[in-house]
Amino acid sequence: MQRTTSLDRIFGALSDGTRRSMIHVLARGDARSAGELGRRFRSAQPTISRHLKVLEQAGLVERTVEGRVHLFKLRRKPLRDAEGWIARHQAFWTGAVDQLESLLTEGSNDES
């Protein structure tokens, strides 16, 4: 159940385009301040803070504080967890579709 809740938070955070764009920026490796991200996305500071809070609660970003500046850095493990979940389910559905296609092909050959 804990893993499902974690994945729910990750996928929920990734459901927003601005947050996905923030992750893209942070994926370049350098920690960024909330102010830098706000300027980049031309959003008000409270809006950026809300997005960062969602990303932080999902475990996708890590916050460090240097004086009055809050820096955010991407945490890659939660993204790998989500990727693993997607890969497992993709393999299942690919197998199910292949099996269905085989059954349909077999059925149409029987009718001929």
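Here goes a summary of the coordinates provided.

## Let's talk about the pairing of strand S3 (residues 69-74)
Both strand S1 (residues 32-33) and S3 contribute to a ladder of two bridges, which runs antiparallel. By the bridge assignment for S3, serine 33 is matched with leucine 71. With six bridges connecting them, strand S2 (residues 61-66) and S3 associate as antiparallel partners. Bridging across to S3, valine 65 finds its partner in histidine 70. What sits between S2 and S3 in their antiparallel hairpin is a turn of two residues, with glycine 67 showing a positive phi close to 65°.

## Let's talk about helix H2 (residues 17-26)
Residues Arg19, Met22, Ile23, Val25 and Leu26 constitute the buried set of H2. For H2, the arc enclosing every buried residue in end-on projection is 160°, short of the 170-degree limit, so these residues lie on one face. Of the residues that open H2, the one with a side-chain oxygen 2.9 Å from the backbone nitrogen of threonine 18 is aspartate 16.

## Regarding the side chain of histidine 51
Checked against the element boundaries, histidine 51 lands in helix H4 (residues 45-57). A relative accessible area of 12% places histidine 51 in the buried class. Beyond its immediate stretch of four places on either side in the chain, histidine 51 contacts Asp16, Thr18, Arg19 and Met22.

## Details of the side chain of arginine 19
When you line up the elements, arginine 19 lands in helix H2. We note that arginine 19 is buried and unpaired, the nearest opposite charge coming from aspartate 16 at a distance of 4.5 Å. Looking at arginine 19, its side chain comes within polar contact range of the main-chain oxygen of glycine 12, at 3.4 Å. Dropping the residues within four chain positions of it, arginine 19 is found in contact with Gly12, Ala13, His51, Val54 and Leu55.

## Describing the packing of H2 against H4
For the pair H2 and H4, interaxial distance at closest approach is 10 Å and the crossing angle is 75°. It follows from the interaxial angle that H2 and H4 lie roughly perpendicular. Contacts from Thr18, Arg19, Met22 and Ile23 in H2 reach Ile48, His51, Leu52, Val54 and Leu55 in H4. Residues belonging to the contact of H2 with H4 are distributed by class as follows: six nonpolar, two polar and one charged.

Rules used throughout
Residues numbered from 1 in each chain as written. Predicted model: local features only at pLDDT ≥ 70, side-chain atom pairs only at ≥ 80, totals over all residues. Heavy atoms only, no water. Pairing = 2+ DSSP bridges. Helix = DSSP H or I, 4+ residues; strand = E, 2+ residues; numbered from the N terminus. Buried < 20%, exposed > 50% of the residue type's maximum accessible area, 1.4 Å probe, protein only. Arc of directions from axis to C-beta. Polar contact = N/O pair within 3.5 Å; in protein donor to acceptor, adjacent residues only side chain to side chain. Contact = heavy atoms within 4.5 Å. Lys, Arg positive; Asp, Glu negative; His and termini not counted. Salt bridge = Lys/Arg side-chain N within 4 Å of Asp/Glu carboxyl O. Axes fitted to C-alpha atoms, helices over the stretch in contact; angles between N-to-C directions. Parallel < 35°, antiparallel > 145°, perpendicular 65-115°, else oblique. Nonpolar A, V, L, I, M, F, W, Y, C, P; charged D, E, K, R; others polar.

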